[in-house]
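Analysis of the macromolecular model
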Amino acid sequence: MVSRSKILGAISGATLLLIAGAAHAQSAGDAAVLAGPCANCHGTDGKSNNKVPSLAGRPAPTLAALMKAFKGETPPPGTTIMNRLAKGYTDEQIEALAKYFAEKK
Amino acid sequence: MSTNMISRRCTLQLLGGAGAGLMSLSMPAIAQGAGAGRVVVVGGGFGGATAAKYIKRTNPKIQVTLVEPLQRYYTCPFTNLHFGGLRTFEQQGHNFNELRALGVQVVHALANDVDNKKKTVTLAGGRVLQYDKLVLSPGIDIRWGALKGYDQAAAQLAPHAWQAGPQTTLLKQQLDAMPDGGTFILVAPENPFRCPPGPYERVSMIGHYFKTRKPKSKILVLDAKENFSKQGLFLDGWKKVYGEMIEWVPLSKDGKVVRVDARAREVETEFGKKHKASVLNVVPPQKAGFIADRAGVTAQSGWVPIKAETFESSQVADIHVIGDATAAAPMPKSGFVANAQGKVAAAAIVASLAGRPAPKASWANTCYSLIAPDYGISVANVYDVVEGKLNEIKGSGGVSPREASPEFRKLEAEYGVAWYNAIANDAWGTKA
């Protein structure tokens, strides 16, 4: 059993840091869920075992630019399905996804 | 419940809402064991295997038990390619070694019963598993007798092959034994049912088998519906690749079968027309797997209503239901969706055990179908929650273009195989 006073002491010691951490973690959880279906073709954590390109560890700006191009009026040559999928995500979600996969090594 | 958990709850009352995130995320040393709990997952398919894996890899402290009767799970997706002669049956089989290596306890037994008040699952043989959170991913059961004449005995003569296993092998054997010039009949059901494009990919792949081995044979689809998934693309493709071999009869042209005589391999339609088959494949009416009924989560419709954000049953707390068993329109009953729902449920469960709200839910679906080995088509969608309901995001998704180059169709055929390899690896960790 951990005493309440001990916990509160620990909290007051680093309140600002903790609040920042919690806010960040919540959005990270959202990004992981947002990224969930990507794995079904691009591999778990965006590490592909097939001809679909890997996403893991690629620079966030590259990934975001690609997704926005898929979403646009003239998707990159050779596009088959990503134009249809990319239209389901807002630019903010695309940025979150790009960051999420860029951080996967 | 641990004492840590209790002290944490007291503290939360003091801190208010913002405390939840503080405690569980930022004080692992103090709140050791926080977020842990016992999760039982019933069903080792696309949904269940994925949910078990993602819960365990997100929080290894959670005790996860996966209950699946089969040592080796065979997927229904890609069995159509087996009928086409493109894959062996074994290629659709997946083991549970990766899940075990992750620390998931895999129990090969049938889950017989759920007590949603005591929070227990009873296995065949009598073993009882206690849960804090239960995930049911039971897939479908056949509604035996819902189509007159189609019961378990009839399925031994006229297979459904809508659950991978002995039924798949039986249908393949019948196709192999059929003489050239025979007629294959597929009876397609009303919506909703597992894998909406499945019947139409199946006849495509059997068309490929006939074209290459038994070119005088015919295919007849008797359909209880007026429309089906990727209809225009399938009809175009059949004409282009198989000429007059495949005939589709919709509801309005007396396509609805009302009686099956499996022994005679004969079916009768709504307006009394009889069709005789050399090989008869009945895709019958379906419902959620029986364990969902035992758990008290199945509705009158035969399917399981869920809360959109978490896929928790809307009837019983702490039971999440995913995959084909759910009433999750506009999402289709597909392996891809079951996996995506599994991840959303996993995230919600991990968060709930840690005293946090569930992350914002998001899903996608991609279904590839093969018309011929180098002729693939697809449908894709992205989903979110709007006002508590599952929503297909406007402007997203859709089917492959009606006009496309042979290179485009070939690419989609290749991406279909890539999808299977990726999702099998994601769910079971197996190399396909």
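Residues numbered from 1 in each chain as written. Chains lettered and ligands numbered in written order. Predicted model: local features only at pLDDT ≥ 70, side-chain atom pairs only at ≥ 80, totals over all residues. Heavy atoms only, no water.

A few points about the overall build of chain A
This is how the line gets drawn: Numbering of helices and strands runs from the N terminus; a helix is a DSSP stretch of H or I covering at least four residues, while a strand is a stretch of E covering at least two. Buried residues are those whose accessible area, probed at 1.4 Å on protein chains only, stays under 20% of the maximum for their type, while exposed residues exceed 50% and partly exposed ones sit between those limits. Contact between two residues is taken to exist if any of their heavy atoms lie within 4.5 Å; hydrogens are not considered.
Secondary structure summary: chain A contains six helices and zero strands in total. Secondary structure elements of chain A occur, N-terminal to C-terminal, as α-α-α-α-α-α. Expressed as a percentage of the 105 residues in chain A, the buried residues total 42%. Partitioning the contacts of chain A with sequence separation of at least 6, the portion at a separation of at least 24 is 52%.

Here we look at unusual backbone geometry
All names here are of chain B. Each neighbour pair has its own omega, and for Asn191 with Pro192 the value is -5°, a cis peptide bond. Turning to its location among the elements, Pro192 is positioned in the loop between β11 (183–188) and α8 (198–213). Here the amide bond leading from Ala329 into Pro330 is cis, since omega sits at 10°, within 30 degrees of zero. Position of Pro330 among the secondary structure elements: in the loop between β19 (319–321) and α11 (335–353). You will see that Lys119, though not glycine, has its phi angle at about 60°, which is positive. Positionally, Lys119 belongs in the loop between β6 (111–115) and β7 (120–123). Overall, Lys119 belongs to the partly exposed group, its relative accessible area being 23%.

Re the nonpolar core
Buried together is how nonpolar side chains tend to be arranged in soluble globular proteins. Residue and element names in this part refer to chain B. As a reminder of what qualifies: To define a nonpolar core, start from buried Ala, Val, Leu, Ile, Met, Phe, Trp, Tyr and Cys residues and group those joined through side-chain atoms within 4.5 Å.
Counting 137 residues, the largest nonpolar core has Val121, Phe184 and Ile319 as its most contacted members. Residue contacts for Phe184: discarding those within four places in its chain leaves Leu171, Leu175, Val203, Ile206, Phe210, Lys218, Ile219, Leu220, Val279 and Asn281. Residues Ala158, Val249, Val260 and Ala277 belong to the second largest nonpolar core, which totals 17 residues.

A word on the packing of aromatic side chains
Residues and elements named next belong to chain B. Operational definition: Ring pairs are drawn from Phe, Tyr and Trp, using the six-membered ring of Trp, whenever the two centres fall within 6.5 Å, and their geometry is named by plane angle: stacked under 30 degrees, edge-to-face over 60, tilted for the rest. Consider the ring centre and the ring normal. A charge sits over the ring if Lys NZ or Arg CZ is within 6 Å of that centre and within 35 degrees of that normal.
For the structure shown, the criterion picks out 17 aromatic pairs over all chains. Every member of this aromatic cluster is reached through a ring pair, and the members are Phe46, Tyr73, Phe78, Trp419, Tyr420 and Trp428. The aromatic ring of Tyr209 is capped on one face by Lys172, whose charged end is 5.3 Å from the ring centroid.

Description of the pattern of salt bridges
For the record, the criterion: Between Lys or Arg on one side and Asp or Glu on the other, a salt bridge is scored when a side-chain nitrogen of the former is within 4 Å of a carboxyl oxygen of the latter.
Using the criterion set out here, one finds 22 salt bridges over all chains in the structure. The partner of Lys172(B) in a salt bridge is Asp176(B), and the shortest N-O contact between them spans 3.1 Å. In this pair, Lys172(B) and Asp176(B) are both assigned in helix α7 (residues 166–177), four residues apart and thus about one turn of the helix distant. One connected set of salt bridges, linked through shared partners, spans Asp45(A), Lys104(A) and Arg57(B).

What about the state of the cysteines?
Formally: The disulfide criterion is simple: two cysteine sulfur atoms within 2.5 Å.
Enumeration according to the criterion identifies zero disulfides over all chains in this entry. Sulfur of Cys38(A): no disulfide; nearest cysteine sulfur belongs to Cys41(A) and is 9.2 Å away. Relative accessible area serves as the criterion here: at 18%, Cys38(A) is assigned to the buried category. In this structure Cys367(B) is a free cysteine whose sulfur lies 6.1 Å from that of Cys195(B), the closest cysteine sulfur available. Given the relative accessible area of 11%, Cys367(B) is considered buried.

Quick look at the confidence of the model for chain B
Residue and element names in this part refer to chain B. The test is simple: One number per residue, pLDDT, summarises how confident the predictor is, and it ranges from 0 to 100.
Averaged over chain B, the pLDDT score is 93; the fraction of residues at 70 or greater is 92%. Contacts of residues 1–32 to residues separated by more than four positions or lying in other chains number 52 contacts, the stretch itself having pLDDT below 50. Reported confidences for the modelled complex are a pTM of 0.89 and an ipTM of 0.90.

Describing the sheet that holds strand β2 (residues 63–67) of chain B
All names here are of chain B. Applicable threshold: Each pair of strands is called paired provided DSSP finds at least two bridges between the two strands. An axis is simply a line fitted to the C-alpha atoms; with a helix, the fit covers only the stretch in contact. Between two such axes, the angle follows the N-to-C directions and lies from 0 to 180 degrees.
What the five strands build is an open sheet, ordered β5-β2-β1-β9-β19; its pairing is parallel. Each of the sheet's edge strands pairs with one partner strand only, and the pair in question is β5 (105–107) and β19. This sheet shows a mean twist of 20° between the axes of neighbouring strands, independent of strand direction. Along the sheet, helix α3 (residues 46–58) contacts β1 (38–42), β2 and β9 (133–136); its crossing angle with β2, the most-contacted strand, is approximately 170°. Strands β1, β9 and β19 of the sheet are contacted by α11, whose axis makes an angle of about 175° with β9.

Some words on the packing of α7(B) against α8(B)
Helix-helix packing is characterised by the crossing angle of the two axes and by the distance between the axes. Residue and element names in this part refer to chain B. Threshold: Here a crossing is called left-handed whenever its near helix is offset anticlockwise from the far helix by less than a right angle, and right-handed whenever the offset is clockwise. Gly falls in the polar group here, along with every residue not listed as nonpolar (Ala, Val, Leu, Ile, Met, Phe, Trp, Tyr, Cys, Pro) or charged (Asp, Glu, Lys, Arg).
At a minimum axis distance of 11 Å, the contact between α7 and α8 shows a crossing angle of 35°. The two elements α7 and α8 cross, and the hand of that crossing is right-handed. When α7 is examined against α8, the residues Leu171, Leu175 and Asp176 are found in contact with a partner set consisting of Arg202, Ile206, Tyr209 and Phe210. Residue composition of the contact of α7 with α8, by class: five nonpolar, no polar and two charged.

Let's talk about the pairing of β1(B)
Note the threshold: Whether a crossover is right-handed comes down to one check: with the strands pointing away from the viewer, does the path from the first strand over the helix to the second run clockwise; if it does, it is right-handed.
By the criterion of burial, β1(B) is predominantly enclosed, with four of the five residues buried. Regarding topology, α3(B) serves as the crossover connection from β1(B) to the parallel β2(B), and that connection is right-handed.

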